[in-house]
Every structure is written in C-alpha cells, then in structure tokens.
Amino acid sequence: RQKIPSTDRRNDKSLALLDQSIMAAGSYLYVGDTLGLQVLDVSNPLDTRLVGTTNVIIDIEGCAFRPFPIVDMAMDGPFIYAAAGGGGMMVFVTI
C-alpha cells in the first residue's frame with residue numbers, strides 16, 4: 001500500500017487517494033481504493049488520462065455501503081482480482 005497526498009479528484013490527472021493499491025499492466029495503470037477501481041492510460045507520461053472507473057457500492061437488503069478499500073490486485077488475462085481486506089475479493093473484467 002502506498003499513501004499519496006489528497007488532491008482534487010475532479011482533475012483526471014490526480015490520484016486523490018488515501019488508501020490504495022496500484023498495479024501497472026502494459027500502458028495502463030490500475031488504481032484501487034475505497035471508491036473502486038480507476039484505469040489510467042500512461043502510454044504518454046506527459047499526458048496521463050483517466051480512461052475508466054468503477055464506483056463500488058454494495059446493496060444488502062436496501063442498505064448501500066462501500067466495501068473495504070482495495071489493498072492488493074492481480075491480473076490474469078482480462079480479469080483483475082482485487083483483495084478488499086476484510087471485505088473479501090472483487091473481480092473486474094477489462095475490455
């Protein structure tokens with residue numbers, strides 16, 4: 001895990017995360033945190049772009065809550081396996 005100072009999340013070049021996991025694959029950087037998963041295109045380091053995001057919210061019996069932060073990730077083919085601490089595991093599919 002890595003701590004990065006908070007910045008304005010509306011800026012797509014920022015990594016405004018407090019508790020996160022970061023994984024690089026090809027020209028993409030995958031950032032998991034308490035909000036879900038963000039995908040950044042880092043093929044041009046001078047023009048890093050946010051190209052995808054998920055907002056993970058779990059609904060149990062009408063009560064919505066965010067799971068534990070993503071603390072580790074691994075990729076196998078199109079699948080990203082994300083460990084969410086005490087919250088278990090989440091699986092994302094890349095397109």
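See above for the structure.
Residues numbered from 1 in each chain as written. Predicted model: local features only at pLDDT ≥ 70, side-chain atom pairs only at ≥ 80, totals over all residues. Heavy atoms only, no water.

What follows covers the overall build of the protein chain. What the protein chain contains, in helices and strands, is zero helices and nine strands. When the helices and strands of the protein chain are listed from N to C terminus, the series reads β-β-β-β-β-β-β-β-β. Across the 95 residues of the protein chain, 31% fall into the buried class. Taking the contacts inside the protein chain whose residues are at least 6 apart along the sequence as the reference set, 24% of them involve residues at least 24 apart. With an accessible surface of roughly 6,000 Å², the protein chain has 58% of that area assigned to carbon and sulfur atoms. (Helix = DSSP H or I, 4+ residues; strand = E, 2+ residues; numbered from the N terminus. Buried < 20%, exposed > 50% of the residue type's maximum accessible area, 1.4 Å probe, protein only. Contact = heavy atoms within 4.5 Å. Areas by Shrake-Rupley, 256 points an atom, 1.4 Å probe, with all protein chains shown as cover.)

When a protein is soluble and globular, its nonpolar side chains tend to lie buried together. Met23, Tyr30, Leu37, Val39, Val56, Ile70, Met73, Ile80, Ala82, Ala84, Met90 and Phe92 form the largest nonpolar core, which has twelve residues in total. Of all the secondary structure elements, the ones that give two or more residues to this core are strand E3 (36–41), strand E8 (79–83) and strand E9 (89–93). Apart from the residues lying within four places of it in its own chain, the contact partners of Phe92 are Leu37, Thr54, Val56, Ile70, Pro78, Phe79, Ile80 and Ala82. (Core = buried A, V, L, I, M, F, W, Y, C linked by side-chain atoms within 4.5 Å.)

Taking strand neighbours across the sheet as the criterion, the three strands line up as E7-E8-E9 in an open arrangement whose pairing is antiparallel. At either end of the open sheet lies a strand with only one pairing partner, and these are strand E7 (72–76) and E9. Averaged over all neighbouring strand pairs, the angle between strand axes comes to 20°, with direction disregarded. As defined by bridge partners, E8 adjoins E9 across five bridges and the pair is classed as antiparallel. Across the sheet, the residue bridging to Ala82 is Met90, located in E9. (Pairing = 2+ DSSP bridges. Axes fitted to C-alpha atoms, helices over the stretch in contact; angles between N-to-C directions.)

Note that all results are geometric; they support no functional claim without further evidence.
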